[in-house]
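An overview of the molecular structure
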Amino acid sequence: MDRTLAADLARLPELLDATRGAAADALATLDARPVVPAAGKPHDPEPLPEHATGADAALAAFRDRWESRLSASAGPRYLGFVTGGATPAALAGDWLTAVHDQNSNSALDGGGQDLERETVGWLRDLFGLTAAHSGTFVSGATMSNTTGLAIAREWLGERLGVSPAEDGAAALGPVRVLSGAPHSSIAKALSVLGLGRNSLVRVPTLPGREAVDPAALERALADTPGPAVVVANAGTVNTVDFDDLRAIEALRERHDFWLHTDAAFGAFAALSPEHAHLADGLDASDSVCVDLHKWLNVPYDSAVQFTRRRDLQARVFQNSAAYLGPLGDHPDLVHLTPENSHRLRALAAWFTLRAYGRQGHREIVERDIACARALGAALEADPAFTLLAPVRLNVVCFTLAEAPTPERLTALREAVAAEVFVTPTVYEGTAALRAAFSNWRTTQADVRRAAQALGAAAREIA
C-alpha cells in the first residue's frame, strides 16, 4: 500500500474528525456567508499531483481554493431553482451512505435494496399512493421522468403489438405526448428515448393558468385515434399550478392513454391538509415523478419514480448477466432503472423520515408555504414589483413593475445575490424572477431579509 494512503488509514478517525470540523464550520456560517459569492476570476486549473500529500493536505487545499467560491445553497435564503437542504438526519444518513458504500441493486447482497424498498413504502404512504404503485430511487426528476416515459413507451408498444425495448422506438411509428405546461426535462427525456422532441404536443391551458384545459386535452386526444401519452403536472415550475388529475382520469372512459404525472415537488402538497386537494388523484397515474432533493431536504442527488406497471419497467431495463440478481416477480433494482451502479441514495431519505416522521416533514412544508405567502404579500405591497401569479404553494413569480427587461432583472438578481438568490424565468412572455421555498431552515426572518434586499435593490436600479 502507498505509504501516504497507509498513513491516512491509520489516522482515519482523526481525518474524519477534521472533516466533521470543516463541515460544522461551513454549516455554522451559512447565515453569514454570501448566498451566492461574487463572481471572481476563475482559478487556473492546477496540474494533477504527481506525489501523494494525504487527506489533510487535500482538505486544506479544498478550503483554500474552493470553499469560499461555493454558494450557500444549503441555507435558508437560497431561493433559486427548487432547492432543499439536508436535514441533520439526512446529512448523517448521507455520510453513512459513503461509509458503507453499497451498490444496492442485487439480492445477491440484498440489505441495501431491502432498505430502499422500506423507504419507498414510506414515501408511497407520505404521498397518498396505494400499494398498486411500486417505486425505485433514481438521481433526480429528469431521470425519474425519463424512466416513467420509458415505461410509457413500452406500454404504447404493448397496445400496438410490438416491443420498443426489443425492436426499437421506430417500431411504434408516430407517437403523441400531450401536455399543457411540461417541464423542460420532458422534451429532454423524449429525445433520449428516441421518441423525439417533436412528439411533444402542447395542449392549451386554462385562461391565466398553467394548468391544462381538460376540454382542450380531450380534443387533442380525439384528433388522432390510437394510444397516446399524457404528461400531467402536479406543480408547474413557474407558478406551481396543478392539472385537474381527476378530470384527466375521467377522459380514460373515452380515450386510451398512459398518464405520467410530473409531481417533482408538488407531490409534497399531500402533506398539508390545507393543500392536499391539489394532489388529489395522483394515485390514478400510471407513473409518477417525485424529486426528493427538493422538499424532502435530502442531499443531491435523489428522486423516486413510481409506476403501476413494474412488469413493463423490468422489460425495458432488465439486464441479463450471471453475476446479477434475478428478474422474477420481484425484480432486483438493477432491472428497474438505467443504472447498474446504484448508490444507497435511500439511506439519507430513510434517516430523515425515521427521525422526523410525517409530522416533522409536514411542518417544513407548511412553514415554507407560509414563507412564500409572506414574500408574495411583501412584494405585492411594494410598488416596485408586480406579482405575475397567485402564490399557490411555495413559489413566488414576480417581476419589476416598470420596464421588466431581462437586463434590469439580471441587474436586480445580481445586486441581491449576497443576501438572497432567485432564478430568472419567462412567464406569459414577460421576463420574471422566481423565489422557491423548500429549505428546512427558512423562517419568516429570512423572508423579511429577502424582501428588504429586493426592495432596496429595485429602488437603486430604478
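That block above? That's the structure.
Residues numbered from 1 in each chain as written. Predicted model: local features only at pLDDT ≥ 70, side-chain atom pairs only at ≥ 80, totals over all residues. Heavy atoms only, no water.

**Details of the overall build of the chain**
Rule in force here: Only DSSP runs of H or I reaching four residues or more are called helices, and only runs of E reaching two or more are called strands; each is numbered from the N terminus. The cut-offs for exposure are 20% and 50% of the maximum accessible area for each residue type, with area from a 1.4 Å probe on protein chains only; residues under the lower value are buried, those over the upper are exposed, and the others partly exposed. In what follows, a contact means two residues having at least one pair of non-hydrogen atoms within 4.5 Å. In this count, Lys and Arg are taken as positive residues and Asp and Glu as negative ones, while His and the chain termini are left out. We put the charge of a Lys on NZ, of an Arg on CZ, of an Asp on CG and of a Glu on CD.
Of the regular secondary structure elements, the chain holds 15 helices and eleven strands. Seen through its principal axes, the chain has C-alpha atoms that stretch 65 × 65 × 45 Å. Counting over 462 residues, the chain shows a buried share of 50%. If you take every contact in the chain between residues at least 6 apart in sequence, the share linking residues at least 24 apart comes to 73%. Counting 42 positive and 56 negative side-chain charges, the chain places the centres of these two groups 2 Å from one another.

**Points about helix α4 (residues 88-100)**
The condition that has to hold: Every helix has an expected span of 1.5 Å times one less than the residues it contains. Our arc is simply the arc of the directions from the helix axis toward the C-beta atoms.
Between its terminal C-alpha atoms α4 stretches 19 Å, which fits the 18 Å expected from 13 residues at 1.5 Å a residue. Residues of α4 that are buried include every one of Ala89, Ala90, Gly93 and Thr97, and no others. Around the axis of α4, the buried residues are gathered within 95° of arc, so they sit on the same side. Across from the buried face of α4, at angles greater than 90 degrees, the exposed residues are Ala98 and Val99. Buried residues along α4 sit against α13 (346-381).

**Describing the layout of surface pockets**
The condition that has to hold: Cavity means a closed set of points on a 1 Å grid over the protein atoms alone, one where a 1.4 Å probe fits but cannot get out, pocket means an open set with protein on both sides within 12 Å along at least 5 of 7 lines, and lining means a residue has an atom within 4 Å of a point. Grid points are joined across faces, edges and corners, and a volume is the space filled by probe spheres set on the points. Each residue gets one of three labels, nonpolar for Ala, Val, Leu, Ile, Met, Phe, Trp, Tyr, Cys and Pro, charged for Asp, Glu, Lys and Arg, and polar for the others, Gly among them.
The volume enclosed by the largest pocket comes to roughly 990 Å³. In this structure, the largest pocket is lined by 33 residues; those nearest its centre are Ala23, Ala26, Leu27, Ala74 and Leu91. Looking at the lining of the largest pocket, the elements with two or more residues in it are α2 (12-28), α3 (55-65) and α4. The residue makeup of the lining of the largest pocket, split by class, is 20 nonpolar, eight polar and five charged. Looking at the second largest pocket, it is lined by 29 residues, and the ones nearest its centre are His183, Ser184, Ser185, Val237 and Lys294. Taken together, the elements giving at least two residues each to the lining of the second largest pocket come down to α6 (141-160), α8 (184-192) and β3 (200-202).

**Quick look at the pairing of strand β1 (residues 134-138)**
For the record, the criterion: Here, a strand pair is defined by DSSP locating no fewer than two bridges between the strands.
With five of five residues buried, β1 is to be regarded as a mostly interior element. On β1, burial covers both faces: Ser134, Thr136 and Val138 on one face and Gly135 and Phe137 on the other are all buried. Pairing of β1 with strand β7 (residues 303-307) involves five bridges; the strand directions are antiparallel. Bridge assignment links Gly135 to a residue of β7, and that residue is Phe306.

**What to know about the sheet that holds strand β11 (residues 430-436)**
Under the convention used in this document: Between the N-to-C directions of two axes lies an angle of 0 to 180 degrees, each axis being a line fitted to C-alpha atoms and, for a helix, fitted only over the stretch in contact.
Taken in spatial order, the four strands make up an open sheet running β8-β9-β11-β10, and their pairing is antiparallel. Sheet topology places β8 (385-387) and β10 (423-427) at the edges, where each strand pairs with a single neighbour. Along the sheet, successive strands turn relative to each other by an average axial angle of 45°, direction set aside. Alignment of β10 against β11, held across five bridges, turns out to be antiparallel. Paired with Tyr427 across the two strands is Thr430, which belongs to β11. Here helix α14 (residues 406-415) sits on the sheet in contact with β8, β9 (395-400), β10 and β11, set at roughly 25° to β11.

**Section: the pattern of salt bridges**
Let me state the cut-off plainly: Between Lys or Arg on one side and Asp or Glu on the other, a salt bridge is scored when a side-chain nitrogen of the former is within 4 Å of a carboxyl oxygen of the latter.
Applying the stated criterion across every chain yields a total of 32 salt bridges. Note that Asp286 is salt-bridged to Arg252, the shortest N-O span being 2.2 Å. Residue Asp286 is located in the loop between β5 (257-262) and β6 (287-291), and its partner Arg252 is located in the loop between α10 (245-250) and β5; the two are separated by 34 residues in the primary sequence. Accessibility expressed as a relative area gives 28% for Arg252, which makes it partly exposed. Between Glu363 and Arg367 there is a salt bridge; the shortest N-O distance is 2.7 Å. Here the residue Glu363 and the residue Arg367 both occupy positions in helix α13, the gap between them amounting to four residues, near one helical turn.

**Things to note about the nonpolar core**
Where we set the bar: By convention a nonpolar core is built from buried Ala, Val, Leu, Ile, Met, Phe, Trp, Tyr and Cys residues, the set being connected through side-chain atoms within 4.5 Å.
Counting 54 residues, the largest nonpolar core has Phe127 and Leu292 as the members making the most contacts within it. Top contributing element to this core by residue count: α13, with eight residues. In this structure, Leu379, Phe437, Leu454 and Ala458 belong to the second largest nonpolar core, which totals 25 residues.

**A few points about the sheet that holds β5**
The sheet built from seven strands is open, its strands ordered β1-β7-β6-β5-β4-β2-β3 with mixed pairing. Strands with a single pairing partner mark the edges of an open sheet, and in this sheet they are β1 and β3. The average angle at which neighbouring strand axes cross in this sheet is 20°, direction not considered. Direction of pairing for β5 relative to β6: parallel, over a ladder of three bridges. From the neighbouring strand, Thr261 faces β6, where its bridge partner is Val288.

**Considerations on the pairing of β7**
Both faces of the sheet carry side chains from a regular strand, because those side chains alternate between them. Across the five residues that make up β7, a large majority, five, are buried. Of the two faces of β7, both are covered, the one formed by Ala303, Gln305 and Thr307 as well as the one formed by Val304 and Phe306. When β6 meets β7, the two strands line up antiparallel, connected through five bridges. Each bridged residue has a counterpart across the sheet, and for Val288 the counterpart in β7 is Phe306.

**Let's talk about the packing of α6 against α8**
Selection criterion: Oblique is the label for any angle not under 35 degrees, not over 145, and not in the 65 to 115 range, which are roughly parallel, roughly antiparallel and roughly perpendicular in turn. A crossing counts as left-handed when the near helix is turned anticlockwise from the far one by less than a right angle, and as right-handed when that turn is clockwise.
For the pair α6 and α8, interaxial distance at closest approach is 9 Å and the crossing angle is 50°. Put simply, α6 runs oblique to α8. Taken as a pair, α6 and α8 cross one another with a handedness that is right-handed. Across the interface between the two elements, Thr142, Asn145, Thr146 and Leu149 from α6 touch Ser185, Ile186, Lys188, Ala189, Leu190 and Val192 from α8. Among the residues forming the contact of α6 with α8, the class breakdown is five nonpolar, four polar and one charged.

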